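Tertiary structure, described
The primary structure of each chain is shown beneath.
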Amino acid sequence: MASASSPLDTVVLTIAHSLSAVERTFYKLPGSAIIERYVRSSHQNDPGRTFLELIIFFLVVRTLLQSRTRADSNNAKNFIEFTEKEIDELVEDWVPEPLSRPLDDIEAAELAAVPVVAGPNGPHPTLVNTGKPAINLASLNFTGLANNEHIKQRALEAMRKYGVGSCGPTGFYGNFDVHIQCEKDIAEFLDTESAILYWQGFSTISSVIPAFCKRGDIIVVDRAVTLSIQKGMEISRSTIRWYDHNDLHSLEEVLQSVEKERRKRKGPLTRRFIITEGIFERDGTMTDLPKLIELKQKYKYRLILDESFSFGSVGRTGRGLTELYNVKLICSWVPVPLDYVLPVVSVLDLRMLLNTSVLMLPHMYSQLRCPRYWLLIIELH
Amino acid sequence: MAPKSTSPSSVFKKRTSPSPLTSAASYFSALSQVDAKTRNAHKSSSPTPMSTPALSLSSSFTNSTADTLLTQADVENSHGLAFPVEPPTSEQVHTTVHTEFGHCSNEAHRRFSSHIPNTPVLHPEDRDPPYYVLLSTYISYLILIVLGHMRDFLGKRFRAKSYKHLMPSNGYAPLNSDFDSFYTRRLKKRMEECFSQPVTGVAGRTIQILDRYSKDFNHTQTSLNTVTRALNISSYNYLGFAQARGGCANAVEEGMKIYGVSTCGSRLEGGSSDLHTMTESLVAKFVGTEDALVSSMGFATNSTYIPALVSKGCLVISDEFNHASIRFGVRSSGAQVRMFKHNDTNALEALLREAISQGQPKTHRPWKKILVIVEGIFSMEGTMIDLPTILALKDKYKFYLFVDEAHSIGGIGLHGRGIADYYAVDPRKIDVLMGTFTKSFGAAGGYIAGSKALIDRLRIRSYTGPYAEAMAPPVLTQIVASMASIMGVDNPAGTSMGSLAPSSSSSSTLQLASPETQYHHPGPVPQGFLPAWITLPYALSSGFEGRERLRRLSFNSYYLHRGLDKLGFITYGHPCSPIVPLLIFNPGKMMMFHRMMKDRQTPIITVVVAYPATPLITSRVRFCVSASHTKDDIDCILKACDEIGDVLDLKHGISRKDRWSLDEICRRAVELVNLPDHEN
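The structure displayed is predicted, hence computed values, not measured ones.

Cut-offs and rules
Residues numbered from 1 in each chain as written. Chains lettered and ligands numbered in written order. Predicted model: local features only at pLDDT ≥ 70, side-chain atom pairs only at ≥ 80, totals over all residues. Heavy atoms only, no water. Pairing = 2+ DSSP bridges. Helix = DSSP H or I, 4+ residues; strand = E, 2+ residues; numbered from the N terminus. Axes fitted to C-alpha atoms, helices over the stretch in contact; angles between N-to-C directions. Contact = heavy atoms within 4.5 Å. Salt bridge = Lys/Arg side-chain N within 4 Å of Asp/Glu carboxyl O. Buried < 20%, exposed > 50% of the residue type's maximum accessible area, 1.4 Å probe, protein only. UniProt positions renumbered as here; feature names shortened; annotations may be inferred. Core = buried A, V, L, I, M, F, W, Y, C linked by side-chain atoms within 4.5 Å. Domains from an automatic or database assignment. Buried area = accessible area lost by both parts, 1.4 Å probe. Polar contact = N/O pair within 3.5 Å; in protein donor to acceptor, adjacent residues only side chain to side chain. Nonpolar A, V, L, I, M, F, W, Y, C, P; charged D, E, K, R; others polar. Disulfide = S-S within 2.5 Å. Expected span 1.5 Å × (residues − 1). Phe/Tyr/Trp six-rings, centres within 6.5 Å; stacked < 30°, edge-to-face > 60°. Lys NZ or Arg CZ within 6 Å of the ring centre and 35° of its normal.

Things to note about the sheet that holds strand S17 (residues 620–624) of chain B
Residue and element names in this part refer to chain B.
- The three strands lie next to each other as S14-S17-S16, forming an open sheet whose pairing is antiparallel. Two strands close off the open sheet at either side, each with one partner strand: strand S14 (579–583) and strand S16 (607–609). Averaged over all neighbouring strand pairs, the angle between strand axes comes to 30°, with direction disregarded.
- Against the sheet, helix H19 (residues 544–567) makes contact with S14 and S17, and its axis sits at roughly 15° relative to S14, the strand it touches most.

Below is the structure:
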């Protein structure tokens, strides 16, 4: 017995000795008391608790070590293991589609038929394609201000003071005093609290919509809205409901059904928007703004109105639909009226405004994705 | 934080405000008169005498001569930005305004920007800061977040009035949810003074900032109605073409007189003019591709043309630090997206092997096409892609390559033609080259260049064509003029061009060049590519000034980058890139840095960026070097960084014994810049 136990004793002794050495070293480390206290208080004579702690610890380690660009397919069940050689063969076999199909004859003819104006554009430009003068019914020169000498002169003065490019986004030293002044002028012109300039009309609404409409919000929109609105809604990932083109009865039905659904689900209150155009780019029909505002207020929606084509073209002094129907869009009892009014794709080549209350403005600036770039002085008055 | 700077007085010295001046107008007028005076004194031999004052002022401004010129000059010089430190000699003729484009005649302060063939591509390693910096950064954010949530929680209960916009009211949900806007309200708002600074004048070497302050904890900013001229190291003005004077501005004036300010319509619907066509062929020539198209907004170039390239069933492989516009475009295209680790070609290859072998998720069908999207120079990192390796991968894995050259076009390469020029590879090996005119050309908008079939398809299929307004004529003219002055105009009369190209390959040889042939610089632009009415001064049309600008930019980039490194700062990116990020880490130091730079005797304006533009931990200040800066300007910036870096404890880069003193860096600048890439 003794002969059998003595080597065992030696082993036990060695282990005990080394354990106490480890313990001593552990207590010598700075901060070991804190760890010890933590372990003791979490253990509390219950191995289950320690087990739970360990699981959490390993989960944290695993999450930290996971690749940031982890693909879904890696974890999915249908990931197929290949050997390196098989992958090489698959790579060898793969034939991608061409990046772009060359134009066929009809498309090429279409492209060649695009009118190109020689020199300045105006009511009677000369075309490069034919070399002859033509009557221009295509350009968006509603007010006939293209080539206005006074505007040109002011633009020249601005160029001589500021150069051409602003060389930076709004946030970083691209916020020129002319931008600020122009925004003020436009807000004053439209009788709204504030305005913001964008560099490209097309990008304005497609950036503004996702800045405010998020996942879960509801957008009720006319079926015939222009592409940039559709793109903005796509990006926003909101719930989209369509109503028949320029049919306010259809709109009311949709608004009622949305309200009914919400009551049924008892979901939280989400942001709700009606989006439509003042004058539709597609067919030139005009929205009945007073009725629309009535509906919007009745059902408590916010209205985003794209006035690309109505600003500068309707109303006694060209202030667009609000002037035509003589309505004021700011409702004193709505804390944040977001009534987006107006881009002009016509003469002046810039703009698109967002009217909103002053309270919101700093938040909005930071949420809008597009930087404002550059601007020539324009006179709106 | 105890200031331990060697010369704290200069760091904290409040700049002398131009208080002797009664108003901004008299300040302007004094400035312009002083400028005019120096110009007359030093540049009487200038070939294009300028009758208008340096800063365009309406006549009412220039009439006020209440203050004497002499005292004005003293005030003006106090910040040391109006005149060069060394006055020019009679041989040195400068055609630029010093405040817009700095005067520098020292030929030693030039450098060529190109990759040495057959050498490995430089991958600057990222230096990690000490752990206490990381820890304090995390704790800072933690404090900010906890404080913010506490304020929200209490505020909503006790000060409901000021939280009205975050709470449902009257049946309307709040426009911004408090969760979505938390970062903006509780973190960004604290350093609001660093953003959206109103400015005026030209965004050139210097810029005038409209002074402002906040009375109500950054909720609103109040204007002081005074103007301060500051050294501008923040604008994307790489080649210094942001000028209100000079050949390009004259060309723009000429163009505006002919074409007006707008073409009134979209490209496919009556808004195309011959100027657009000409610009597009010039851009194609400049970049070295078959064809190109221009789009009126840089952000929209990516966000509206990428959906025309890929669709459902295609895969986009995108660098993790790609710009928001690329993400926007990819998201609206409907294609699948995968990201790879920033600038890591091994990760890219692994991802490609996986993607091609696995095919589309679930169905395992092969991908229709794979498009790899990278940026030539990354806008927040200053890193440069390893183009040769990516092209080798492209040959093997048959993907299509989209390079966003927003920051590299015009800025790098022996001839300023961007990343392909820098590595001397044929640009036609890259399927889609995208870039913007906002940066190096002092204009606005963007372009896409590629094969004719691709560009024609994009012209018809992308929704920019029928919907977005065409580029404005003054912008087009600026692009044409600045691009032509980088390329140089081929004069049929045979005036000496002094071309840098070893073999002056004409455009015809380029047309025939097979993809295997070595990169040939496309050479100067034939006169026929430019509108007949454009007349550029000789310095520009010969391409001499364009080359000078390229070489000055390269010198400045290298000098600032290596100077900061030698001072002991942590910087990111390739020394060749005009973007020089200096790592700050702690969120609290960002605003301090910004303000201390702005409040110096020579005010310097800087851009500080943090999450979400960068990863949370690596807040940084981003310098954008320009050809318009002189060595003295860079010295000034290095001096400021050295002093502020000591105060704010930012020097966590190379070890103390490897560092150089500021004096040594300034003295041995040329030597420092000319060190080979791999020895630094």
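Resuming the write-up.
Some points on the pattern of salt bridges
- Tallying each qualifying case throughout the model produces 42 salt bridges over all chains.
- With its nearest N and O atoms 2.8 Å apart, the salt bridge here joins Arg 160 of chain A to Glu 253 of chain B. Of the two residues, Arg 160 of chain A sits in helix H7 (residues 149–162) while Glu 253 of chain B sits in helix H7 (residues 247–259), which places them in two different chains. Comparing Arg 160 of chain A with Glu 253 of chain B, the two get one shared label, buried.
- Put simply, Glu 107 of chain B and Arg 551 of chain B hold a salt bridge, and the shortest N to O gap is 3.4 Å. In this pair, Glu 107 of chain B sits in the loop between helix H4 (69–78) and helix H5 (131–158) while Arg 551 of chain B sits in helix H19, placing the two residues 444 residues apart along the sequence.
- The partly exposed category is assigned to Glu 107 of chain B, whose relative accessible area is 44%.
- The structure contains a network of salt bridges with shared partners spanning Arg 267, Glu 280, Asp 291, Lys 452, Asp 456 and Arg 459 of chain B.

Regarding the UniProt feature "domain: Aminotransferase class I/classII large" (unreviewed entry) in chain A
- Per the UniProt annotation, the sites labelled "domain: Aminotransferase class I/classII large" (unreviewed entry) are residues 134–315 of chain A.
- Segment residues 134–315 of chain A splits into 43% helix and 13% strand. End C-alpha atoms: 30 Å apart.

Digging into the nonpolar core
- Counting residues in each nonpolar core, the largest one holds 155 residues, and the members touching the most others are Leu 401, Phe 437, Tyr 559, Leu 560, Phe 593 and Phe 623 of chain B.
- For this core, the two domains that each supply at least three residues are domain 1 (85–142) and domain 2 (148–379) of chain A.
- If near-sequence neighbours (up to four positions away) are discounted, Leu 401 of chain B is found in contact with Leu 371, Val 372, Val 374, Leu 387, Ile 390, Leu 391, Lys 394, Ile 430, Asp 431 and Val 432 of chain B.

As for the interface of chain A and chain B
- The partner chain B presents 124 residues to the 113 residues of chain A that form the contact.
- Both sides of the chain A and chain B interface together cover about 10500 Å² of buried area, and 61% of this is carbon and sulfur.
- Per-residue buried area on chain A facing chain B is highest for Trp 94, Arg 160 and Tyr 173 of chain A; these three make up 10% of the total on that side.
- The interface formed by chain A and chain B includes four salt bridges.
- Run the count over chain A and chain B and you get 37 residue pairs in polar contact (both at pLDDT 80 or more).
- Residue composition of the side of chain A that touches chain B, by class: 59 nonpolar, 28 polar and 26 charged.

A short note on the state of the cysteines
Residue and element names in this part refer to chain B.
- For the structure on display, the rule yields zero disulfides over all chains.
- With no disulfide of its own, Cys 576 lies closest to Cys 624 among cysteine sulfurs, the gap being 14 Å.
- We classify Cys 576 as buried; its relative accessible area is 2%.

Some words on helix H21 (residues 631–648) of chain B
Residue and element names in this part refer to chain B.
- In a regular helix each residue adds 1.5 Å, so 18 residues correspond to 26 Å; H21 covers 25 Å between its end C-alpha atoms and thus fits that length.
- Within H21, 15 of the 18 residues are buried, leaving the element largely enclosed by the surrounding structure.
- A positive backbone phi angle near 55° is found at Asp 649, which sits one or two residues after H21.

Quick notes on the sheet that holds strand S15 (residues 604–605) of chain B
- The five strands lie next to each other as S3(A)-S1(B)-S2(B)-S3(B)-S15(B), forming an open sheet whose pairing is mixed. Two strands in the sheet have a free side with no partner beyond their single neighbour: strand S3 (175–176) of chain A together with S15 of chain B.
- Pairing between strand S3 (residues 222–232) of chain B and S15 of chain B: two bridges, direction parallel. Within the sheet, the bridge partner assigned to Leu 231 of chain B lies in S15 of chain B and is Ile 604 of chain B.

Remarks on the environment of Ile 486 of chain B
Residue and element names in this part refer to chain B.
- Structurally, Ile 486 can be placed in helix H16 (residues 473–487).
- Considered as a pair, Ile 486 and Gly 543 are 57 residues apart in the sequence and their alpha carbons are 5.6 Å apart.
- Beyond its immediate chain neighbours, meaning those up to four positions away, Ile 486 contacts Leu 239, Phe 241, Phe 286, His 415, Phe 441, Gly 546 and Leu 550.

Remarks on the packing of aromatic side chains
Residues and elements named next belong to chain B.
- Applying the stated criterion to the full structure yields 13 aromatic pairs over all chains.
- Judged by centre distance (5.8 Å) and plane angle (65°), the rings of Phe 437 and Phe 441 are edge-to-face.
- Among the aromatic side chains, those forming a connected cluster through ring pairs are Phe 286, Phe 437, Phe 441 and Tyr 447.
- Between the NZ or CZ atom of Arg 549 and the centre of the ring of Phe 101, over which it lies, the distance is 4.3 Å.
- The positively charged end of Arg 668 is found above the aromatic ring belonging to Trp 660, 4.1 Å away from the centroid.

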